[in-house]
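# Report on the structure
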Amino acid sequence: MKYPDHGQHARDIERQIAQVRERHQKRTAVLGINPDLVVVVIFNRSASVMDEKLAQAGLQSLAATGRQAMAAFSSDPEMADFLSRLERYGRGPVGQQSAYYEDLFDSIELVRSLEPGDVIDPDVQAELQEHRTELLRLDIQCWCPESMPDARRRFDETRRAINAAGGAVVDSSFRYEAGLSIIRADVRPAAVWKLAAIDRVRQISLLPRPLLTMSAVAMAGLDRIPPVLPPAPQAPVIAVIDSGIREAHPLLAPAVEAALSASDHIPDGADENGHGTLVASLALYGSLEQKLQSKAPLRPAGRLLSIRVLDSRGYFPDATVWAEHLASAIRLAAGYGAKVVNLSLGDRRQPYRPPGPTAVAALVDDLAREFDLVIVVSAGNFPYAEYPRDPDIASVYPTWLLDHEEAGLLPPAMSALALTAGALVPDKTQGARPVQDSVDVQLLGKPGRPSPVTRVGPGIEEMTKPELMAPGGTYAYDTGLCQFRETPYGKVVGAAALPPDRLLTADAGTSFAAPLVSHAALRVLGRYPMLSANAVRALLLATAGPVDPVLDGSTDGVQRNVQLKLSGYGRVSAERAEFSADYRAVLLAEDALRTDQVHFYSVPVPDSFFNSGSKMVALGLAFDPKVRSTRLKYLASHMSVFVYRGVAVEMVRAKYAIHSEDDAPPTELDRFLCEIQPADQTRLRGANQAGRKVWKKAWDNRYRNGELVIVVRNTNRWAPAGDVQRYALALTIQTREDMEPPVYQQLRARLSILAEIKPEIELGL
């Protein structure tokens, strides 16, 4: 942006710098280390593009993240060069078109001191709030500026500070050429804030601490496997269409209905490469690490039908058309009564390039609609060989993934009616600890964020894909050797098929994220067996949790749309989809709309929405339109959802009746419209839709006299006149857990329009 009053902007920055310098002059040594002057410069554009400008202004740039840059002035605590340039900028454009250094200073919004909270990762801060007394194993990354002696000084002084704080250095790596300066140490919680205050540290991160060791996984016997109970008598059937299973595995055997081969070209249903067995165990139980550690009895969420379609190499047989081979397996699954079908497979030879339809997607979509199936497909794996040998790969991999022309979904993951699953970096307790730690070996990505193993959307006609995410593992990178490494870190643990004497294994890929989505679908169907596939999909979409952005400037609209390609609508949650809670009500409606028809739903506005504190409305919509791979308009119809607040349903209905021929919603209702994100024009491209809106402040009292009105509209594209389209709408209404009255109790007392998903306490569990 441009500041019209250069003088005023210069005076504002000068005042901020004066405050920074005054604070610095009052500081004393921390852990025996005299403080450096480090400031945070916040820009109104990406900080990375300002790096050169900072150097020209006499700032020693240390790091740039998003719109925030760290700059050190240890050699110039008076900041004389910077202030000299600022003074010239403040004179304005004297006899020229622009002021001196205008590019730099017009880009600066704020200059402030570096704070310990800038350095300590949020998950470390959460640990510190728990008032733990045990040592924390931390990765302490030091500033590594371009001056080698300065970088070495910061590294050595940080080691001294750790020792002074009573910590113990476990491992360290100083590779100045690669920009790596990191120390792994065991530190007392009380000392962490002091370490963050010495101005030598760029980031303090908590190490993943898997519950299981690699030796425990590799040597696991029957003593490692908890007792396994049979599934409930009416448990739904899940078909795992994959490489077969190890039928006698103690985690699978109680749940196995059948283990079949899909064709004569596959000899039997046995698993010859281990992939299907691991997938099946995750589909039945969800993430297994904590369950294996606790040794509590396990009960599969469903009954298992395994259909083998892959040979010993993990490929479809060459003698058959793989799409027809897959279709035969799906029909076989439906014939055995499967309600959920997991496809952790894909054609790695042909990454999808949107927006055109594909025949294999249409085939899967037709079968999903015909047999009312919840089909979950893995997005496919992006091989680490495609990533550059770059010491900064941990920070650049999302951009690399988004820009790579071969990083698209693997067929059939673009299927519109399927739920496509992408992979998140696993949670801290997942995977297995290696026998020996090395600080040089770093996992790419932070837990719960999009993984470098995943592939990116969009799908057909730019629809959001993948829709849902789940932990699937990540890659490990050796920063010293600049190469990827095989390590049990960053993987997920499940049942093993190979070698025959092993019971557990660990692996990474979207193949192992997909069964976690399938597991959530099983849980929902186990609780509510009468639900359609549309309803199950809608519930999973409406209750998905947000995934943290990984890209610079990802809060604006453009970057938000880019984030959709990486993480879709968010992280799946079986618990949230299965149950309501006191402060979270999940509502569900199933119905059908004729072409170009509109349905209206009204929900009472909870009283707690008029109190201060966070509150949220989230929606999920799923429908099963006809599709045609020969049309660029792939879906026979589009469906939209709009949410209005503080208005009567009669008024909304009247306005839509007046504007029945318009594609856009009535503008007269704009003042009541909830700006659900992503916006309708983005959501309506697909048959699986989700969105949410969060408010931090209390709602204005003018909304008290109305309702929450939800409008569902079906727009015809090429469906026959009078065609009826089935759909399911799920709505999540949530408030902070100390806000009164609880939303579930209030809505239960006043609501009769939407069917309610009951809370766990209501069911006596």
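Residues numbered from 1 in each chain as written. Predicted model: local features only at pLDDT ≥ 70, side-chain atom pairs only at ≥ 80, totals over all residues. Heavy atoms only, no water.

## Things to note about helix α13 (residues 359–371)
Spacing of three or four residues puts side chains on the same side of an α-helix, whose turn is 3.6 residues. As a reminder of what qualifies: Strands here mean DSSP runs of E at least two residues long; helices mean DSSP runs of H or I at least four residues long; both are numbered from the N terminus. By this rule the span expected of a helix is its residue count minus one, scaled by 1.5 Å. Only protein chains enter the accessibility calculation, which uses a 1.4 Å probe; a residue is then buried when its area is under 20% of its type maximum, exposed when over 50%, and partly exposed in between. Two residues qualify as a contact provided that any one of their heavy atoms is within 4.5 Å of a heavy atom in the partner residue.
Between its first and last C-alpha atoms α13 spans 18 Å; for 13 residues at 1.5 Å apiece the expected length is 18 Å, and the two agree. Turning to α13, its buried residues number three or more, namely Val 360, Ala 361, Ala 362, Val 364, Asp 365, Leu 367 and Ala 368. Looking at the packing, one finds that the buried side of α13 touches α12 (322–335) and β14 (374–378). Just downstream of α13, Asp 372 is the residue with a positive phi angle, here 55 degrees.

## With respect to the packing of aromatic side chains
Inclusion rule: When the centres of two rings from Phe, Tyr and Trp lie within 6.5 Å, Trp using its six-membered ring, the rings pair. Their planes under 30 degrees apart give stacked, over 60 give edge-to-face, and anything left gives tilted. Lysine and arginine charges are scored as sitting over a ring when NZ or CZ, respectively, is within 6 Å of the ring centre and within 35 degrees of the ring normal.
As enumerated under the stated definition, the model contains 18 aromatic pairs in all. Ring centres of Tyr 384 and Tyr 475 lie 5.3 Å apart, and the angle between their planes is 85 degrees; on these two criteria the pair is classed as edge-to-face. With Tyr 384 in the loop between β14 and α14 (393–403) and Tyr 475 in the loop between β18 (468–471) and β19 (476–478), the pair connects residues that are 91 residues apart, well separated along the chain. Classification of Tyr 475 by relative accessible area gives buried; the value is 13%. Note that Arg 152 overlies the ring of Phe 174, its terminal NZ or CZ placed 4.7 Å from the centroid.

## Notes on the pattern of salt bridges
The condition is simple: A pairing counts as a salt bridge when a side-chain nitrogen of Lys or Arg comes within 4 Å of a carboxyl oxygen of Asp or Glu.
Using the criterion set out here, one finds 40 salt bridges in the structure. Here Asp 186 and Arg 137 are joined by a salt bridge, their closest N and O atoms 2.8 Å apart. Of this pair, Asp 186 sits in strand β7 (residues 180–187) while Arg 137 sits in strand β5 (residues 136–142), placing them 49 residues apart in sequence. Through salt bridges with shared partners, one network takes in Asp 36, Asp 150, Arg 153, Arg 154, Glu 157 and Arg 200.

## Observations concerning the sheet that holds strand β8 (residues 201–206)
The test is simple: Here, strands pair whenever DSSP counts at least two bridges between them. Every axis in this analysis is a line fitted to C-alpha atoms, fitted for helices over the stretch in contact. Angles between the N-to-C directions lie between 0 and 180 degrees.
In spatial order, the strands read β6-β7-β5-β8; together these four strands make up an open sheet with antiparallel pairing. Unpaired on one side and paired on the other, β6 (168–175) and β8 mark the two borders of the sheet. Taking each pair of neighbouring strands and ignoring which way they run, the sheet shows an average axis angle of 15 degrees. With five bridges connecting them, β5 and β8 associate as antiparallel partners. The partner of Ile 140 across the bridge, within β8, is Ile 204. Packing against the sheet, helix α7 (residues 148–164) makes contact with β5, β6, β7 and β8, and its axis sits at approximately 175 degrees to β6.

## A short note on the side chain of Arg 455
Put simply, the rule reads: Working convention for charge: Lys and Arg count positive, Asp and Glu count negative, and His plus the chain ends are omitted. Polar contact criterion, stated in full: a pair of N or O atoms within 3.5 Å, where within protein one must be able to donate a hydrogen and the other to accept it, and residues adjacent in sequence count only if both atoms are side-chain atoms.
Tracing the chain through its elements places Arg 455 in the loop between β17 (441–443) and β18. The side chain of Arg 455 sits in the buried core without any salt bridge; Glu 406 is the nearest counter-charge, 6.3 Å away. Separated by 2.8 Å, the side chain of Arg 455 and the backbone oxygen of Gly 408 make a polar contact. Look past the residues within four positions of Arg 455 in its chain and what remains in contact with it is Pro 351, Ala 379, Gly 380, Asn 381, Phe 382, Pro 383, Glu 406, Ala 407, Gly 408, Leu 409, Leu 410 and Pro 466.

## Regarding the sheet that holds strand β28 (residues 707–716)
Spatially, three strands are ordered β24-β28-β26 in an open sheet, and the strand pairing comes out antiparallel. With one partner strand each, in any of the chains shown, β24 (598–604) and β26 (637–647) form the two edges of the open sheet. Strand-to-strand twist across the sheet, computed as the mean angle between neighbouring axes with direction ignored, equals 15 degrees. Alignment of β24 against β28, held across seven bridges, turns out to be antiparallel. The residue bridging Tyr 601 from the neighbouring strand is Ile 710, located in β28.

## A word on the pairing of β28
Sheet faces and side chains relate simply in a regular strand, where the side chains alternate between the two faces. Counting buried positions along β28 yields seven of 10 residues, so the element is predominantly enclosed. Examined bridge by bridge, β26 and β28 share 10 bridges and lie antiparallel to one another. What sits directly across from Val 647, in β28, is Glu 707.

## Some points on the confidence of the model for the protein
Operational definition: Confidence of the predictor at the level of single residues is captured by pLDDT, which takes values from 0 to 100.
For the protein, per-residue confidence averages 88 on the pLDDT scale, and residues scoring 70 or more make up 94% of the total. Per-residue pLDDT stays below 50 along residues 752–765; that stretch engages in 41 contacts with residues further than four places along the chain or on separate chains.

## Describing the nonpolar core
Our working rule: Only buried residues count toward a nonpolar core. Its members are Ala, Val, Leu, Ile, Met, Phe, Trp, Tyr and Cys residues joined through side-chain atoms within 4.5 Å.
One finds Leu 251, Leu 304 and Leu 540 to be the most contacted residues of the largest nonpolar core, which totals 88 residues. Aside from chain neighbours lying at most four places away, what touches Leu 251 is Ile 225, Val 228, Leu 284, Tyr 285, Leu 288, Leu 298, Ala 495 and Leu 504. Listed in part, the 76 residues of the second largest apolar core include Leu 305, Ala 361, Leu 621 and Trp 695.

## Considerations on the side chain of Ser 344
By the secondary structure assignment, Ser 344 is in the loop between β13 (338–343) and α13. Engagement of the side chain of Ser 344 in a polar contact is seen with the backbone oxygen of Ser 511, the distance being 2.7 Å. With residues near it in sequence (within four places) discarded, Ser 344 still touches Ile 241, Asp 242, His 275, Val 279, Ser 378, Ser 511, Ala 514 and Pro 515.

## Some points on the packing of helix α6 (residues 122–129) against helix α8 (residues 189–196)
Stated precisely, the cut-off is as follows: Here is the rule for angles: anything less than 35 degrees is roughly parallel, anything more than 145 is roughly antiparallel, 65 through 115 is roughly perpendicular, and the remaining ranges are oblique. Helix crossings fall into two classes, left-handed where the near helix is turned counterclockwise from the far one by less than a right angle and right-handed where it is turned clockwise.
Interaxial distance between α6 and α8 falls to 9 Å at its minimum, and their mutual angle equals 140 degrees. By the angle class used here, α6 and α8 are oblique. α8 is crossed by α6, and the crossing has left-handed handedness. For the pair formed by α6 and α8, the contact residues are Val 124, Gln 125 and Leu 128 on the first element and Pro 189, Val 192 and Trp 193 on the second.

## Quick word on the state of the cysteines
The condition that has to hold: Sulfur atoms of two cysteines make up a disulfide when they are within 2.5 Å.
The final tally for this structure, using the stated rule, is zero disulfides. Of the cysteine sulfurs around Cys 142, a residue in no disulfide, the closest is that of Cys 144, at 8.7 Å. The closest cysteine sulfur to the non-disulfide-bonded Cys 482 is located on Cys 144, 13 Å from its own sulfur.

## Section: the pairing of β18
What you see with β18 is no split at all: Leu 468 and Ala 470 on one side and Met 469 and Pro 471 on the other are buried throughout. Examined bridge by bridge, strand β15 (residues 419–424) and β18 share four bridges and lie parallel to one another. Directly across from Ala 423, in β18, lies its bridge partner Ala 470.

## Regarding unusual backbone geometry
Lys 465 connects to Pro 466 through a cis peptide bond whose omega is -10 degrees. Following the sequence through the fold, Pro 466 ends up in the loop between β17 and β18. At Cys 482, a position not held by glycine, the phi torsion is positive, near 55 degrees. Structurally, Cys 482 can be placed in the loop between β19 and β20 (483–485).

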